[in-house]
Amino acid sequence: METIEHKTVTANGINIHIAEKGQGPLVLFLHGFPELWYSWRHQILYMAAHGYRAVAPDLRGYGDTTGAPVHDSTKFTSLHIVGDIIALLDAIAPDEKQVFVVAHDWGAVLAWLLCLYRPDRVKAYVSLSVHFTPRNPKMKTIETMRKYFGDDYYMCRFQEPGDIEAEFAQIGVREVVKKLLTYRHPGALYFPKGKGLGSLPDTSDTLPSWLSEEDVDYYTSKFEKNGFTGGINYYRALDLNWELTAPWTGAQVKVPTKFIVGDLDLVYHIPGVKEYVQGGGFKKDVPLLDEVVVMEGVAHFLNQEKPDDINQHILEYIKKF
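- An unreviewed UniProt entry annotates the protein as soluble epoxide hydrolase of Rhododendron griersonianum.
- Check the Pathway (unreviewed entry) section of the UniProt entry for the protein; it says "Secondary metabolite biosynthesis; terpenoid biosynthesis."

Here it is, written out as structure tokens:
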């Protein structure tokens with residue numbers, strides 16, 4: 001870990017912290033919530049050892065990336081964040097027209113949109129956990145979530161500024177990080193009002209083998225410093241994203257792609273998702289989808305839970321290009 005280099009790059013009006021290691025074709029890693037560049041620690045070391053330059057930023061509003069107006073969720077749309085990514089690539093790899101992208105959770109959502117907006121910049125994409133979601137022109141995102149899951153669904157609970165932050169503060173940052181990173185229930189995630197994460201099973205004193213106390217310490221230190229609002233803003237901008245992405249209604253993603261998901265992943269168990277991924281809808285929207293891998297007994301944070309398997313899947317795919 002100490003061999004990973006850290007630097008700050010000014011791009012798109014903010015100061016983006018990146019962790020990087022290695023020489024060769026660039027592989028860009030994009031993290032999710034509640035995560036950081038650190039989520040890719042295993043992949044950075046592995047890809048660097050196999051002839052690639054691995055780069056993992058703290059995304060807008062996260063970790064040591066600064067300069068974004070955290071208390072204005074309208075500055076956290078997909079256009080802002082894809083803008084950050086393009087500006088970052090221009091700054092750190094000006095001679096590479098295209099790069100490899102590997103992304104998870106919210107990072108995967110943004111990488112799908114990067115591929116949609118700027119397919120000319122992506123050589124190939126490995127998506128973890130989150131499939132492509134075509135825009136529904138008839139209903140806004142949060143309206144859809146409320147209809148199917150109710151007001152206590154986590155994305156709905158995240159909408160009111162300061163609300164879920166106050167509940168997280170009562171629970172404590174470390175406990176929030178532990179509960180979310182070790183959550184393994186494949187059903188919908190609910191935070192009933194007044195209970196927050198208290199409705200989730202109590203966190204075991206014993207962490208899973210793939211998550212150490214030191215790992216939790218690192219996440220906790222960054223979220224204690226910055227709070228969770230930056231990451232939660234991504235959810236608060238969902239309906240604005242829906243408005244802004246109207247021009248891409250019905251558009252296909254035309255980038256070579258591999259998709260990997262755990263069979264215990266809560267995203268994979270959203271009603272209709274398995275049918276979409278396995279039944280031809282996914283391939284129709286992403287015609288260059290090469291492979292779908294469903295990992296048995298693996299939950300949402302698969303790049304940390306099964307790093308060796310994920311590393312091999314990534315390398316196996318990008319070596320084709």
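### A few points about the overall build of the protein
Step number 1: Each helix and strand counted, the protein has 14 helices and 8 strands in total.
Step number 2: Here the C-alpha atoms of the protein give a radius of gyration of 18 Å, agreeing with the 20 Å that 2.2 N^0.38 yields for 321 residues.
Step number 3: Seen through its principal axes, the protein has C-alpha atoms that stretch 50 × 45 × 40 Å.
Step number 4: For the protein, buried positions account for 56% of its 321 residues.
Step number 5: Residue pairs in contact within the protein that sit at least 24 positions apart in sequence constitute 77% of those at least 6 positions apart.
Step number 6: Here the protein displays about 13200 Å² of accessible surface, and carbon together with sulfur accounts for 51% of that area.
Step number 7: A distance of 6 Å separates the average location of the 33 positive side-chain charges in the protein from that of its 41 negative side-chain charges.

### Let's talk about helix 8 (residues 213-226)
Turn by turn, an α-helix covers 3.6 residues, leaving residues three or four places apart pointing in a common direction.
Step number 1: For helix 8, with 14 residues, the first-to-last C-alpha span of 20 Å sits near the 20 Å given by 1.5 Å per residue.
Step number 2: Restricting attention to buried positions, one finds in helix 8 the residues Asp215, Val216, Tyr218, Tyr219, Thr220, Lys222 and Phe223.
Step number 3: Tucked inside the fold, the buried residues of helix 8 contact helix 1 (41-49), helix 7 (173-181) and helix 13 (302-305).
Step number 4: Downstream of helix 8 by one or two residues, Gly227 has phi in the positive range, about 80 degrees.

Rules of the game
Residues numbered from 1 in each chain as written. Predicted model: local features only at pLDDT ≥ 70, side-chain atom pairs only at ≥ 80, totals over all residues. Heavy atoms only, no water. UniProt positions renumbered as here; feature names shortened; annotations may be inferred. Helix = DSSP H or I, 4+ residues; strand = E, 2+ residues; numbered from the N terminus. Rg over C-alpha atoms; globule rule 2.2 N^0.38 Å. Buried < 20%, exposed > 50% of the residue type's maximum accessible area, 1.4 Å probe, protein only. Contact = heavy atoms within 4.5 Å. Areas by Shrake-Rupley, 256 points an atom, 1.4 Å probe, with all protein chains shown as cover. Lys, Arg positive; Asp, Glu negative; His and termini not counted. Charge placed at Lys NZ, Arg CZ, Asp CG, Glu CD. Expected span 1.5 Å × (residues − 1).

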